[in-house]
Structures are given as structure tokens and as C-alpha cells.
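Summary of the model geometry
One letter stands for each residue in the lines below.
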Amino acid sequence: MTDPAAPIEETNEAATKAAVFCAAERLFALHGFQNVSVRDITAEAGVNLASVNYHFGSKDALLFEIFRRRTAELNRERARMLHEANDRHGGKPPVREILEALFAPPLRWGSANGDRRISVQFIIRSRSEGTEEMREALTNDVSHLARFADALIAARPDLPRETVYWRLHFCLGMVHNNRFAEFDRLHVLSAGVTRESDTEGLLKRMLDFAEAGFVA
């Protein structure tokens, strides 16, 4: 006989797991991975101290689950934009639209009025503060980048493949350097002329620069 309380218990457990996930993502993004304890997470989530280990296994496992889920979501959005560009251009989109699919999702996630800003801050921290498992994934899981490399090679068949890979690498550097502290420094350097809050304007500037590098 089915226990009528089982669905309620499963719902409560799912809610607890989601609360831990969201609290951890926010705290890690704002304060850094080493500065947040399991106790901090459970207090923020309003759940039992044992919830992290029960639902995720450990603090490091929780970190990796957040990293895995958010990077997968970001890369799915990039893949969708690239697929749409392929459809528009019969499988051979121009360089600018390939780069837009690469640049736009993280920039729009990081918009000051966007609801994914915390996720971007978490991913940024992952690159410098991540666990060994996260660093290994960042180094070796390049399947999401391979589709962009292939598209760029098809868009610029006249370039040596090595050149395409290097230029893609430089473009990724532009994405990874768009950290909030770097914007603050640029704002000081430019005496207030630059405005990173204009996400679409920033995207256009990045595309203008990167496209010029690929068509040179």
C-alpha cells in the first residue's frame, strides 16, 4: 500500500535541497569558496545542519553540483544561439554571429538587472577558487567549445586551424576578463567614461573587436 505521506516528504526534501543549493550559490558567489562554511549555508537556507551532507555528500560535492548545473545551463544557451545562427545561414553562419552566440549569454546573465548575476559571479569564482574537480572540468571538458571552433573554421577556411584556435582562445580571454573588479578598474582608468551597465553596448564593442581579429 502506498504511504500517503511519501509524496509530501519527497516534496519537502526537494524544497530543502533547492534551498541549500540556492543559499550556497549566493554565499559562495558573494564571499568566496573558502570563506563560507556548511553552517553558514544551512543557516542561510533555514534548514538542518546535516542537510548539505544528506543531499549532496559534502561541501565540495555541493560546489561541484552548482558549477556543473550552471555551466551546463550557460552552454546550452550558447549552443541554442549557435544552432539558430546555423539555421539562418544554411549551416555556415558568419564569424560575428558565431561570436555573438559565445559572448551574449554570459554577458546577459551578468547584467545588473538580470536574475542570473549571482550564477555568473559563482562561475567567475570557479575559475580562480574552484575545487580540483572543478579545475579538471574547466581544463578537459571542451566539448561545448569544439562546436564554436568547428563553426569558426568553416567560416574562415582560409585560415590555418592553429590560427583559428588561438583567436578563439583570445576571444575567451575577453569573456573571462569581464569580471566586476575589472570593470571597476576600467571605470577609474577612463575617468567614468566607460559604462559596463549597458550590456548590449558592451556586447557590440566586444563583437566589433573580436570580429576584426578574425577577419584580419
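Residues numbered from 1 in each chain as written. Predicted model: local features only at pLDDT ≥ 70, side-chain atom pairs only at ≥ 80, totals over all residues. Heavy atoms only, no water.

**Observations concerning the environment of alanine 155**
- With respect to the helices and strands, alanine 155 occurs in helix α8 (residues 143-155).
- Note: C-alpha distance between alanine 155 and methionine 206 (51 residues apart in sequence) is 19 Å. (Helix = DSSP H or I, 4+ residues; strand = E, 2+ residues; numbered from the N terminus.)

**Side note on the packing of aromatic side chains**
- The tally for this structure, following the rule as stated, stands at five aromatic pairs.
- With 5.5 Å between their ring centres and 75° between their planes, phenylalanine 28 and phenylalanine 33 make a pair best called edge-to-face. Across the pair, phenylalanine 33 and phenylalanine 28 agree in class, each one buried.
- Ring geometry for phenylalanine 33 versus phenylalanine 122: centroids 5.2 Å apart, planes at 40°, classification tilted. Linking phenylalanine 33 in the loop between α1 (6-31) and α2 (38-45) with phenylalanine 122 in helix α6 (residues 117-129), this pair joins segments that are 89 residues apart in sequence.
- Taken together, the ring pairs connect Phe28, Phe33 and Phe122 into an aromatic cluster.
- If you follow arginine 69 out to its NZ or CZ, it ends over the ring of phenylalanine 21, 3.9 Å from the centre.
- Above the ring of tryptophan 109, the side-chain terminus of arginine 116 is found at 3.9 Å from the ring centroid. (Phe/Tyr/Trp six-rings, centres within 6.5 Å; stacked < 30°, edge-to-face > 60°. Buried < 20%, exposed > 50% of the residue type's maximum accessible area, 1.4 Å probe, protein only. Lys NZ or Arg CZ within 6 Å of the ring centre and 35° of its normal.)

**Overview of α8**
- Compared with an ideal rise of 1.5 Å per residue, which puts 13 residues at 18 Å, α8 spans 19 Å between its outermost C-alpha atoms and is within 8% of the ideal.
- Restricting attention to buried positions, one finds in α8 the residues His144, Leu145, Phe148, Ala149, Ala151, Leu152 and Ile153. (Expected span 1.5 Å × (residues − 1).)

**Concerning the pattern of salt bridges**
- Following the criterion strictly, the structure yields 14 salt bridges and no others.
- The partner of arginine 70 in a salt bridge is glutamate 25, and the shortest N-O contact between them spans 2.7 Å. On the criterion of sequence distance, the pair formed by arginine 70 in helix α4 (residues 59-88) and glutamate 25 in helix α1 is long-range, its members being 45 residues apart. We note that arginine 70, like glutamate 25, is buried.
- A salt bridge links lysine 204 to aspartate 208, with the shortest nitrogen-to-oxygen separation between them at 2.9 Å. One end of the pair, lysine 204, and the other, aspartate 208, are both in helix α11 (residues 199-215), four residues apart, so they sit about a helical turn from each other.
- Taken together, the shared-partner salt bridges in this structure form one network comprising Glu25, Arg70, Glu73 and Arg116. (Salt bridge = Lys/Arg side-chain N within 4 Å of Asp/Glu carboxyl O.)

**Topic: a negative patch on the surface**
- The grouping of Asp60, Glu132, Glu133 and Glu136 at the surface amounts to a negative patch.
- The dominant element in the negative patch, judged by the number of residues it contributes, is helix α7 (residues 132-140), at three residues.
- Structurally, the position occupied by glutamate 132 is in helix α7. (Patch = residues over 30% accessible without salt bridge, like charges linked within 9 Å, V, L, I, M, F, W, Y side chains within 5 Å. Areas by Shrake-Rupley, 256 points an atom, 1.4 Å probe, with all protein chains shown as cover. Lys, Arg positive; Asp, Glu negative; His and termini not counted. Charge placed at Lys NZ, Arg CZ, Asp CG, Glu CD.)

**Let's talk about α6**
- Over its 13 residues, α6 extends 18 Å from the first C-alpha to the last, a length consistent with the 18 Å expected when each residue adds 1.5 Å.
- What α6 keeps buried is the set Ser119, Val120, Gln121, Phe122, Ile123 and Ser126.

**Quick notes on the nonpolar core**
- Counting residues in hydrophobic clusters, the biggest one holds 30 residues, and the most contacted among them are Leu99, Leu102, Phe103, Leu152, Met206 and Phe214.
- Mapped onto this core, the elements with two or more residues apiece are α4, α5 (95-109), α8, α9 (161-176) and α11.
- If one sorts the elements of this core by residue count, α5 sits on top with eight residues. (Core = buried A, V, L, I, M, F, W, Y, C linked by side-chain atoms within 4.5 Å.)

**A few points about the side chain of threonine 71**
- By the element assignment, threonine 71 lies in helix α4.
- Reaching out from threonine 71, the side chain makes a polar contact with the backbone oxygen of phenylalanine 67 at a distance of 2.7 Å. (Polar contact = N/O pair within 3.5 Å; in protein donor to acceptor, adjacent residues only side chain to side chain.)

**Overview of the packing of α9 against α11**
- Interaxial distance between α9 and α11 falls to 10 Å at its minimum, and their mutual angle equals 165°. Here α9 is positioned roughly antiparallel relative to α11, judged by the angle of their axes. Remark: the crossing between α9 and α11 carries right-handed chirality. Two secondary-structure elements touch here, α9 through Val164, Arg167, Leu168, Cys171, Met174 and Val175 and α11 through Met206, Phe209, Ala210, Gly213 and Phe214.
- Class assignment for the residues of the contact of α9 with α11 results in nine nonpolar, one polar and one charged. (Axes fitted to C-alpha atoms, helices over the stretch in contact; angles between N-to-C directions. Parallel < 35°, antiparallel > 145°, perpendicular 65-115°, else oblique. Left-handed = near helix turned anticlockwise from the far one by under 90°. Contact = heavy atoms within 4.5 Å. Nonpolar A, V, L, I, M, F, W, Y, C, P; charged D, E, K, R; others polar.)

That is the geometry; function is a separate question.
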